[in-house]
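# Observations on chain architecture
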Amino acid sequence: MSAADLAGRPGLLARLTPGPAVRRLLRNRAFVAGLLLFGTVAILALLAPWISPTDPNRMAVRFRFREPSWDFPFGTDNLGRNMVSRVLWGGRLSLEIGLWVVMLNAVFGVVLGAAAGYFRRLDGPLMRIADALMAFPAVLLAIGIAAALGPSVATVVIALSVVYVPRTARVLRASVMVVREQDYVQAARAAGAGDGRILFRHILPNCMAPLIVQLSFVFAYAILSEAVLSFLGLGAAPTTPSWGILIAEGRSYIREAAWLTVVPGVAIATTVLGLNLLGDGLRDVLDPRLKVDA
Amino acid sequence: MTPPLLSAPLLSAPLLSVRDLTVTFRAEGRTQAAVDRVGFDVAAGEVLGIVGESGSGKSVTALAVMGLLPANGRVASGEILFEGTDLLRLPARKMRDLRGRRIGMIFQEPMTSLNPVFTIGDQIVETIVHHERLGRRAARERAVDMLARVGIPSARRRLDDYPHQMSGGMRQRVMIAMALACSPRLLLADEPTTALDVTIQAQLLDLLNDLRREFGMAVVVITHNMGVIAEFADRVAVFYAGRVAEEAPVEPLFDRPAHPYTRGLLASTPRLDADAERLVTIPGAMPNIAAPPPGCRFAPRCGVKVEACEADRPPLVAVGDGHRAACIRAGEAAA
């Protein structure tokens, strides 16, 4: 459908004004709290190039190991680098990795999940592969893949995607299997719709709620797992500070300069908490089982 | 309703001719026939009513005609001729093209038969655009026209409503508008009014009746409600346990039912004019299709059975003009 088509379509405005779902979301405390927490972190990370007091890698040896103070709210590290800048820039990288994992999950999780849920012949093979991947503990699998590929940002993204795509695919498969049996899908078939139209127009749009919820949790797990991989030295090169790398670097000085690990740790915890609250709120509002009216 | 001219539609080839249709289902490793060598004809413009209890195979027959049997069901034998072509031999692509364009279908549950995430206008337009070379704007105009024709007030405004903004009766009207948007020759209506309350049922039947005249289409209406049959159908096929028990024009069927099952069915329908204390019921239950009784499937519940009933499947025998019954004693009963 072309853009002109879309614009000329009446009802578009009605679609963009907040519907009952959005209003219900804004009344959900968990969602609003999560949105505030995660939103704050995301905006700060986004604005890092403009609000960082210094370059995150600028060293100043005479300011080594400064405790948090008015001048250095989050202190400085062993090379005198300003932790405010490093945490802000680190957030950029962590969120970027999380976002990539979410996007790859959205694409591959949806494609594989929809294929498995809709085409019965593909269900067995695809889900056995998913089972095999899910039989490994998530972090262990990620470590294995990251170790095989060598440390880099791309490695982390790939490793985490391999870990989480099967889970997303499973969620989507389950929803597709439920929606596939709905009367309106049968009605669409009776109106002459083929597999493609059925899947993309009638089934997938009705699977969005669980997908969105799942992706919000994947985002949180990806940020956590990225920290673990980086902490273990399998993440991005140490010059680019992600939160996991900051914690790894601070570990050696945890007795003398605890702020080096506490600050990025709190950043991770805030983000993950925010995303989880967000996901809980989304699930409460969007989960069809709780939809009594409508 | 005046009795239809029976001979006229029978002269030309029927629009739909189902012959010897057997549909089997695989469940827990066993194959069982939900529909067993069923046959009937539908002439152009005619309304055929199919009555029967749940599990008698009436819905399965409709789904077989649409080519929409569930994954574990398949047509084991028979022919489904629509306008002379056997639908069972049609490639999937051609069959898809036929659905919604030449054959429309409406379902029992108006509350769940519309996609909740799109406006009703989108859904009608989608069907039209899919089948005809028509721009979206023209398709929208057609959709407005269709909604108006099925009696939806301020159709243009309702076009952008979502299904949840409409009542069950209104949604069923939308389903009808969608099914008729491409002027099909045949409409399959599977329990179209069962889920609606009684006043709405009557309105919808009137509507369907007007529309089928207007569009000159044939209708197969599937129901367990004799009232719907009496009001709407020209001819009736009574299904029992996957077989046709009796087939007749409406009036002879109600006046002179030839099959004991049909008689039981009619006797168990409540009547306002009769002063009955309790309803008559047919003793027993429909046989398990996985292990049907030999011979006549109604025999175990039949009050007039003789020994021969349990031996062979009774053939459909003519007992009147266009009136056939699968009962070896049909001749005596009708006389």
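Above this text sits the structure in question.
The following refers to the structure shown. (Residues numbered from 1 in each chain as written. Chains lettered and ligands numbered in written order. Predicted model: local features only at pLDDT ≥ 70, side-chain atom pairs only at ≥ 80, totals over all residues. Heavy atoms only, no water.)

### A look at the overall build of chain B
Of the regular secondary structure elements, chain B holds 12 helices and 12 strands. Here the C-alpha radius of gyration of chain B, 21 Å, is about what a compact globule of 335 residues would show, namely 20 Å. Taken along the three principal axes of its C-alpha coordinates, chain B extends 65 × 50 × 45 Å. Restricting to contacts in chain B with at least 6 residues of sequence separation, those with at least 24 account for 65%. (Helix = DSSP H or I, 4+ residues; strand = E, 2+ residues; numbered from the N terminus. Rg over C-alpha atoms; globule rule 2.2 N^0.38 Å. Contact = heavy atoms within 4.5 Å.)

### Topic: the pairing of strand β7 (residues 186-190) of chain B
When a strand is regular, its side chains alternate between the sheet's two faces. Residues and elements named next belong to chain B. Counting buried residues along β7, five of its five residues qualify, which places the element largely inside the surrounding structure. Of the two faces of β7, the one lined by L186, L188 and D190 and the one lined by L187 and A189 are each fully buried. Where β7 meets strand β8 (residues 218-223), five bridges bridge the pair, whose relative direction is parallel. Directly across from L187, in β8, lies its bridge partner V219. Handedness of the β-α-β unit built from β7, helix α8 (residues 198-215) and β8 comes out right-handed. (Buried < 20%, exposed > 50% of the residue type's maximum accessible area, 1.4 Å probe, protein only. Pairing = 2+ DSSP bridges. Right-handed = clockwise from strand over helix to strand, strands pointing away.)

### Section: the packing of aromatic side chains
In the structure shown here, the tally under the stated rule is seven aromatic pairs over all chains. Both rings, one in B:Y240 and one in B:Y261, keep their centres 4.5 Å apart while their planes meet at 50°; by these two values the pair is tilted. Linking B:Y240 in strand β9 (residues 235-240) with B:Y261 in helix α11 (residues 260-267), this pair joins segments that are 21 residues apart in sequence. Grouped by ring-pair contacts, the aromatic residues B:Y240, B:Y261 and B:F298 constitute a single cluster. When the ring centre of A:W89 is taken as reference, the NZ or CZ atom of A:R92 above it lies at 5.5 Å. For A:R201, the ring lying beneath its charged end belongs to B:F118, and the centroid distance is 4.3 Å. (Phe/Tyr/Trp six-rings, centres within 6.5 Å; stacked < 30°, edge-to-face > 60°. Lys NZ or Arg CZ within 6 Å of the ring centre and 35° of its normal.)

### Some words on the sheet that holds strand β2 (residues 30-42) of chain B
All names here are of chain B. What the four strands build is an open sheet, ordered β2-β1-β4-β5; its pairing is antiparallel. In this open sheet, the two strands that pair with only one neighbour each are β2 and β5 (85-86). When strand β4 (residues 73-82) meets β5, the two strands line up antiparallel, connected through two bridges. Bridge pairing links F82 to T85 in β5. Sheet strands in contact with helix α2 (residues 58-66) are β1 (16-27), β2 and β4, and its direction is about 110° off that of β1. (Axes fitted to C-alpha atoms, helices over the stretch in contact; angles between N-to-C directions.)

### Focus on the sheet that holds β7(B)
Residues and elements named next belong to chain B. Taken together, the eight strands give an open sheet; going across it, the order is β6-β7-β8-β3-β9-β10-β12-β11, and neighbouring strands pair in mixed fashion. Of all strands in the sheet, those with a lone pairing partner are β6 (103-106) and β11 (317-320), marking the two edges. Between one strand axis and the next, the sheet turns by 20° as a mean value, whatever way the strands run.

### Topic: the pattern of salt bridges
Pairing of side chains with opposite charge becomes possible as their charged atoms draw close. All told, the structure shown has 34 salt bridges over all chains when counted by the stated rule. A salt bridge links B:E126 to A:R201, with the nearest nitrogen and oxygen atoms 2.9 Å apart. Remark: A:R201 occurs in helix α11 (residues 195-203) and B:E126 occurs in helix α4 (residues 120-131); the pair is interchain, linking two chains. No difference in accessibility class separates B:E126 from A:R201, as the two residues are buried. Taking the shortest distance from any N to any O, the salt bridge between B:R149 and B:D145 comes out at 3.2 Å. You can see B:R149 and its partner B:D145 sitting in helix α5 (residues 136-149), four residues apart, about one turn around the helix. Note on B:R149: relative accessible area 32%, which makes it partly exposed. When its relative accessible area of 34% is taken as the criterion, B:D145 is described as partly exposed. (Salt bridge = Lys/Arg side-chain N within 4 Å of Asp/Glu carboxyl O.)

### A word on helix α13 (residues 243-251) of chain A
All names here are of chain A. Counting buried positions along α13 yields seven of nine residues, so the element is predominantly enclosed. Every buried residue of α13 is accounted for by W243, G244, I245, L246, I247, A248 and G250. Packing partners of the buried residues in α13 comprise α4 (29-46), α6 (83-118), α12 (208-231) and α14 (259-286).

### Regarding the packing of α12(A) against α14(A)
Residue and element names in this part refer to chain A. Interhelical geometry of α12 versus α14 gives an angle of 165° and a closest axis separation of 9 Å. The orientation of α12 relative to α14 falls into the category roughly antiparallel. Crossing hand, α12 versus α14: left-handed. Residues A209, I212, V213, S216, F217, F219, A220, I223, L224 and A227 of α12 pack against I268, T271, V272, L275, N276, G279, D280, L282, R283 and L286 of α14. By residue class, the composition of the contact of α12 with α14 is 14 nonpolar, four polar and two charged. (Parallel < 35°, antiparallel > 145°, perpendicular 65-115°, else oblique. Left-handed = near helix turned anticlockwise from the far one by under 90°. Nonpolar A, V, L, I, M, F, W, Y, C, P; charged D, E, K, R; others polar.)

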